[in-house]
Structures are given as structure tokens and as C-alpha cells.
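The primary structure of each chain is shown beneath.
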Amino acid sequence: LLKFITILIAVLLMIAQVISSVYLPFDGVELILKIFLSSFCVMIILNELEWWGLLRASPLLWNWIPRGYLYAFIGVVSVEENNLKPSSGALNTLPFDYTAALFIETASWLMFFIGILYISLGLCCCQVYQAKVRENYKDRVAERKKIFEDGLTSLEFRKNDPSMT
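Note that the structure is a prediction, hence the values are computed from the model and not measured.

Visitor: Describe the environment of Asn63, listing the residues and the values that go with them.
Guide: Turning to its location among the elements, Asn63 is positioned in the loop between α4 (59-62) and α5 (64-81). Overall, the relative accessible area of 27% leaves Asn63 in the partly exposed class. Here the alpha-carbon distance between Asn63 and Gln127, two residues 64 residues apart in the chain, equals 7.8 Å.

Visitor: An account of the state of the cysteines is needed here, citing residue identities and associated values.
Guide: For the coordinates displayed, the defined rule picks out zero disulfides. In this model Cys125 remains outside any disulfide bridge; the closest cysteine sulfur is found in Cys124, 7.5 Å from its own. Residue classification places Cys125 among the partly exposed residues on the basis of a relative accessible area of 48%.

Visitor: So what's going on with the environment of Ile7? Which residues, and what values?
Guide: Among the secondary structure elements, Ile7 is positioned in helix α1 (residues 2-23). Given the relative accessible area of 17%, Ile7 is considered buried. Expressed as a C-alpha distance, the spacing of Ile7 and Ile44, which sit 37 residues apart in the sequence, is 7.2 Å. Excluding residues within four positions of it along the chain, Ile7 makes contact with Ile45, Glu48 and Leu49.

Visitor: Mind laying out helix α2 (residues 28-49), listing which residues take part and the relevant values?
Guide: Here α2 spans 32 Å end to end across 22 residues, near enough to the 32 Å set by a 1.5 Å rise per residue. Taken together, the buried positions of α2 are Lys34, Leu37, Ser38, Cys41, Met43, Ile44, Ile45, Asn47 and Glu48.

Visitor: Any chance you could break down the side chain of Asn47 for me, citing the residues and the numbers?
Guide: Structurally, the position occupied by Asn47 is in helix α2. The class for Asn47 is buried, based on a relative accessible area of 4%. Here the side chain of Asn47 touches Tyr71 through a polar contact of 3.3 Å, side chain to side chain.

Visitor: Can you break down the packing of aromatic side chains residue by residue, with the values?
Guide: Evaluation of the coordinates by the stated rule reveals five aromatic pairs. A connected cluster of aromatic rings, assembled from ring pairs, spans Trp64, Tyr71 and Tyr118.

Visitor: Which residues make up helix α6 (residues 98-123), and what are the values?
Guide: Quick reminder: α-helices carry 3.6 residues per turn. Residues three or four places apart thus point the same way. The end-to-end C-alpha distance of α6, which contains 26 residues, comes to 37 Å, matching closely the 38 Å that a straight helix rising 1.5 Å per residue would cover. Listing the buried residues of α6 in full gives Ala100, Ala101, Ile104, Ala107, Ser108, Met111, Phe112, Ile114, Gly115, Tyr118, Ile119 and Gly122. At its buried positions, α6 is contacted by α1, α2 and α5. With its phi angle positive at about 65 degrees, Cys125 sits one or two positions after the end of α6.

Cut-offs applied
Residues numbered from 1 in each chain as written. Predicted model: local features only at pLDDT ≥ 70, side-chain atom pairs only at ≥ 80, totals over all residues. Heavy atoms only, no water. Helix = DSSP H or I, 4+ residues; strand = E, 2+ residues; numbered from the N terminus. Buried < 20%, exposed > 50% of the residue type's maximum accessible area, 1.4 Å probe, protein only. Disulfide = S-S within 2.5 Å. Contact = heavy atoms within 4.5 Å. Expected span 1.5 Å × (residues − 1). Polar contact = N/O pair within 3.5 Å; in protein donor to acceptor, adjacent residues only side chain to side chain. Phe/Tyr/Trp six-rings, centres within 6.5 Å; stacked < 30°, edge-to-face > 60°.

The structure is reproduced here in C-alpha cells:
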């Protein structure tokens, strides 16, 4: 569930970068930041899906604590890069659509909070628990595969053989 939520937030943050380039004024440096943030979002998606071996081997992205710091940093950079404060208190005086700005701010803060969640879960050793669950699952799948390959005779043999219990 955490991976799905993180992927969803990364997609929202990437959409927010596109929206900010359409609706908000920006200069050359901000454009470069938008490109970097979008590429980081793609990297986050690939990392959460565990599709790219280079990302899986990276200690920065494998361990939940540094991963959380990176995600929180990306969220804070996005908040600051897209931060537009109105000169007056009235929202209707802004030169852009406030709904787009609200979406961008929300997606950025969500990325920050998912980073804090990863840090918290890493500090509570939840990654160790997840690794044990995955290992247990692999063992059970291998056992089922062995039973399937050997057929029912293997299962009956195991039940009757006291050394297999």
C-alpha cells in the first residue's frame, strides 16, 4: 500500500510540475528545477516498482531512512520552487489560477510527508519486518513449486516421513 501511495504521489508531483510550467511564471533556473523534479519523480516511480536494477542496488534508495530524506527533500524543493506568495491578502488578485497553485502545493507537501513516513518507518525497523515477510513468502512459493513439480507423492511422502516434520 505504501508503494502504491508513493507512486501515486510521484505521478501527482510530476503532473504538478507540468501544470506549474503552464500556469505559473518561471525563469530559466526554475525550468531546470522543474525538469530535475520531474526526472526525480520518474526515478521514484521506478524505484518503488523495483524495475530498475541500478536503483535496487543503490544504498541511498534501498534503505528507507535515506529514501525518506530524499523524498522529503524533493517535496521541500518543489514547495519552494513553486512558492508564490500574493503581495496582497486577497487570493483573487493573483495573476494565475489559484486551483493550480493549490494542487501543486498539495502534491509537493504530500511528497514531503511520504518522505517523513519512510524515515519514521525506517527508524521503527519496519523495513526489517518487510524483509522477513518477503523471505517467508519466497520460501513458501519455493515449497509450493517443489510440491507442484514433484506431484502429490512428494506431499504424501513428507506426511509419512518423520524426519521431514
